[in-house]
Amino acid sequence: MDIRNIAKEYLLKQGYESDSIDYIFNNENSIVEDSYSKKILLKDRLLVVDRSSDMVIKDVSFKDEMGEFFEIYKHGKDYVIWGEIEIIYLTEELKIKWSFSSRDIFVRRDNKKAIALTEKDIIVTDWLGWCYHIGYDGELISELRVYEDWLA
């Protein structure tokens, strides 16, 4: 069964209304897979679906975090989640190891992608034009204003 259908069935059982479910699905880079499970990032949670049974086996809520979440990336055994207001680093066990917030939302005014993962760091740009280099340990390596408000 398609992972989105599995997630929809699960969310309906959790009391979500069917017409509001499509809103909470992200479009790009919202699913990561390993040999045992598929993880689907929704705007406020992460669902883990067992590959052999096609059942949701874990539901990690991000309701205590700020904003909505857009994309999830695998980093070694861990995960990086790009959100509207926060970058979250999850351990292999899906526990938050650290989070990073900026001056404004992690969205670029020029509609280019606001996040890039390199071997050494995470590079993310906010709405005000600040570019942040964050180490995979959660430490800010550097920040630089790449454009001014009046240029955007």
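Structure: above.
Numbering of residues begins from 1 in every chain and follows the order in which that chain's sequence is written. Totals for whole chains, interfaces and linings use every residue, but because this is a predicted model, local features are given only for residues with pLDDT of at least 70 and side-chain atom pairs only at 80 or more, for both listing and counting. The side-chain numbers reported here are obtained from all heavy atoms of the structure, hydrogens and water having been left aside.

Colleague: Even after reading the chapter, I still don't get the environment of Ile105, so can you show me in this structure?
Modeller: As for its position among the elements, Ile105 is in the loop between strand S8 (96-101) and strand S9 (115-117). A simple rule labels every residue: compare its accessible area, found with a 1.4 Å probe on the protein chains alone, to the largest value its type can have, and call it buried under 20%, exposed over 50%, or partly exposed in between. Exposure remark for Ile105: the relative accessible area of 24% places this residue in the partly exposed category. For the pair Ile105 and Asp126, spaced 21 residues apart in the sequence, the C-alpha separation amounts to 5.4 Å. Once residues lying within four places of it in the same chain are set aside, the contact partners of Ile105 are Glu84, Ile85, Thr125, Asp126 and Trp127. Segments assigned H or I by DSSP are reported as helices when at least four residues long, segments assigned E as strands when at least two residues long, and all are numbered from the N terminus. Whether two residues are in contact is decided by their heavy atoms, any of which lying within 4.5 Å being enough.

Colleague: So what exactly am I meant to see when it comes to the sheet that holds S9 here?
Modeller: Backbone-to-backbone hydrogen bonds pair the strands of a sheet. The strands run either parallel or antiparallel. DSSP-based pairing: two strands are paired if at least 2 bridges between them are found. In spatial order, the strands read S9-S10-S11-S12; together these four strands make up an open sheet with antiparallel pairing. In this open sheet, the two strands that pair with only one neighbour each are S9 and strand S12 (140-145). Across the sheet, the mean angle from the axis of one strand to that of its neighbour is 15°, orientation sign disregarded. Of the strand pairs in this sheet, strand S11 (residues 130-135) and S12 are connected by five bridges, and their pairing is antiparallel. Within S12, the position partnered with Tyr132 by the bridge is Glu143. Only C-alpha atoms enter the line fits that serve as axes; for helices the fit covers just the stretch in contact. Angles between N-to-C directions range over 0 to 180 degrees.

Colleague: For this particular structure, what's the right way to read helix H1 (residues 3-13)?
Modeller: Every α-helix carries 3.6 residues per turn, so stepping three or four residues along brings you back to the same face. The complete set of buried residues in H1 reads Ile3, Ile6, Ala7, Tyr10 and Leu11. Angularly, the buried residues of H1 cover 130° about the axis, an arc narrow enough to put them on a single face. Tucked into the core, H1 has its buried residues touching helix H2 (18-21), strand S1 (31-33), strand S2 (37-41), strand S3 (45-50) and strand S4 (56-61). Gly15 occupies a position one or two residues after H1 and carries a positive phi of about 100°. Taking the helix axis as origin, the arc is that swept by the directions to the C-beta atoms.

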